[in-house]
Amino acid sequence: MAAQITVNGDRFVEMISERRIKAAVRRLAKEINRHHRGKTPVFIGILNGSFIFFADLIREITIDCEVDFLKLSSYGDAKISSGEVRLLKDLNCQVEGRDIIIVEDIVDTGLSVEYIRHLIEPQNPRSLKVVTLLFKSDSVKPGTHVDYIGFRIPSDFVIGYGLDYAQRERNLKAIYRLHAKPPRAKAGT
Ligand code: 5GP
């Protein structure tokens, strides 16, 4: 049976093991290394959620590279997206003429990725790619383009490996999904 944990009274079930995450990170890094041979891309981590994925991915990168970070507003303390993206920390690097690789933990509606594209494209990068560990295929806005995907997952709320629940549980080594509560039986049945 899959491992389970309880956070704030909610039950979560292991969805992607540490071993599978490691294999996906290696696969993504291999593709990125191959596609960017001879270039010096800038990896841009989207804080806070991507920090663990970013650190693991970057250590599998064998070509020359630089790093920088953007901080966007997140879910706050909730399990449901506010539908609003705000920039909390801008880039320090020069984007013009550079090969940019955005590193996201998860793409849900795709709003954040769209926001980042609108922020970076006017600065004339030579190329702009997006890598995400998790991609919620059922909730993403049609037309959202992501270049490298670790896992396609259903629209469940997930935590661990950098992803939080009310700022906690980012330090879990595996990824866990919220266990759906069974519908309550009607009175008298
Ligand atoms: P989007 O803008 O694509 O709707 O959402 C992207 C951001 O929402 C992610 O970077 C992450 O901060 C947050 N997010 C989306 N889905 C989840 C989830 O299942 N769990 C957690 N902890 N955060 C999520």
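Everything that follows concerns the structure shown earlier in this document.
Note that the coordinates shown come from a computational prediction; the quantities given were computed from them, not determined experimentally.

*Asks:* Before we go on, may I ask you to explain the packing of helix α1 (residues 18–35) against helix α2 (residues 51–58) in this structure?
*Replies:* Two measures define how a pair of helices packs: the angle their axes make with one another and the distance between the axes. Their axes nearest at 9 Å, the elements α1 and α2 cross at an angle of 60°. With respect to each other, α1 and α2 are oriented oblique. For the pair α1 and α2, the crossing hand works out as right-handed. Packed against α1, whose contacting residues are V25, L28, A29 and I32, the element α2 presents F53, D56 and L57 at the interface. Split into classes, the residues belonging to the contact of α1 with α2 amount to six nonpolar, no polar and one charged.

*Asks:* When you look at the packing of aromatic side chains in this model, what are you seeing that I'm missing?
*Replies:* Each aromatic ring pair is specified by the distance between its two centres and by the angle formed by the two planes. Throughout the structure, instances matching the rule amount to four aromatic pairs. Considering the side-chain rings of F54 and F69, the 4.9 Å spacing of their centres and the 50° angle between planes classify their relative orientation as tilted. Of this pair, F54 sits in helix α2 while F69 sits in strand β4 (residues 66–72), placing them 15 residues apart in sequence. Centroid distance F157 to Y165: 5.6 Å. Interplanar angle 70°. Geometry classified as edge-to-face. Accessibility classification places F157 together with Y165 in one group, the buried group. By way of ring pairs, the aromatic residues F12, F157 and Y165 are connected into one cluster.

*Asks:* Explanation requested: the pattern of salt bridges in the structure shown.
*Replies:* Any two side chains of opposite charge can pair, so long as their charged atoms come close to each other. In total, this model carries 12 salt bridges according to the counting rule given. A salt bridge links R126 to D99; the nearest nitrogen and oxygen atoms lie 2.9 Å apart. Highlighted residues: R126 in the loop between α3 (111–120) and β7 (127–136) and D99 in strand β6 (residues 99–107), separated in sequence by 27 residues. Note that E114 is salt-bridged to K141, the shortest N-O span being 2.8 Å. Residue E114 is located in helix α3, and its partner K141 is located in the loop between β7 and β8 (148–153); the two are separated by 27 residues in the primary sequence.

*Asks:* Teacher, can you tell me more about unusual backbone geometry here?
*Replies:* Working note: non-glycine residues mostly have negative phi, and peptide bonds are mostly trans. Going from L47 to N48, the amide bond is cis rather than trans, its omega being 0°. Looking at the secondary structure, you find N48 in the loop between β3 (42–47) and α2. Unlike most non-glycine residues, E169 shows phi in positive territory, near 75°. Looking at the element boundaries, E169 is found in the loop between β9 (158–159) and β10 (175–178).

Definitions and limits used
- Residues numbered from 1 in each chain as written.
- Predicted model: local features only at pLDDT ≥ 70, side-chain atom pairs only at ≥ 80, totals over all residues.
- Heavy atoms only, no water.
- Axes fitted to C-alpha atoms, helices over the stretch in contact; angles between N-to-C directions.
- Helix = DSSP H or I, 4+ residues; strand = E, 2+ residues; numbered from the N terminus.
- Parallel < 35°, antiparallel > 145°, perpendicular 65-115°, else oblique.
- Left-handed = near helix turned anticlockwise from the far one by under 90°.
- Contact = heavy atoms within 4.5 Å.
- Nonpolar A, V, L, I, M, F, W, Y, C, P; charged D, E, K, R; others polar.
- Phe/Tyr/Trp six-rings, centres within 6.5 Å; stacked < 30°, edge-to-face > 60°.
- Buried < 20%, exposed > 50% of the residue type's maximum accessible area, 1.4 Å probe, protein only.
- Salt bridge = Lys/Arg side-chain N within 4 Å of Asp/Glu carboxyl O.

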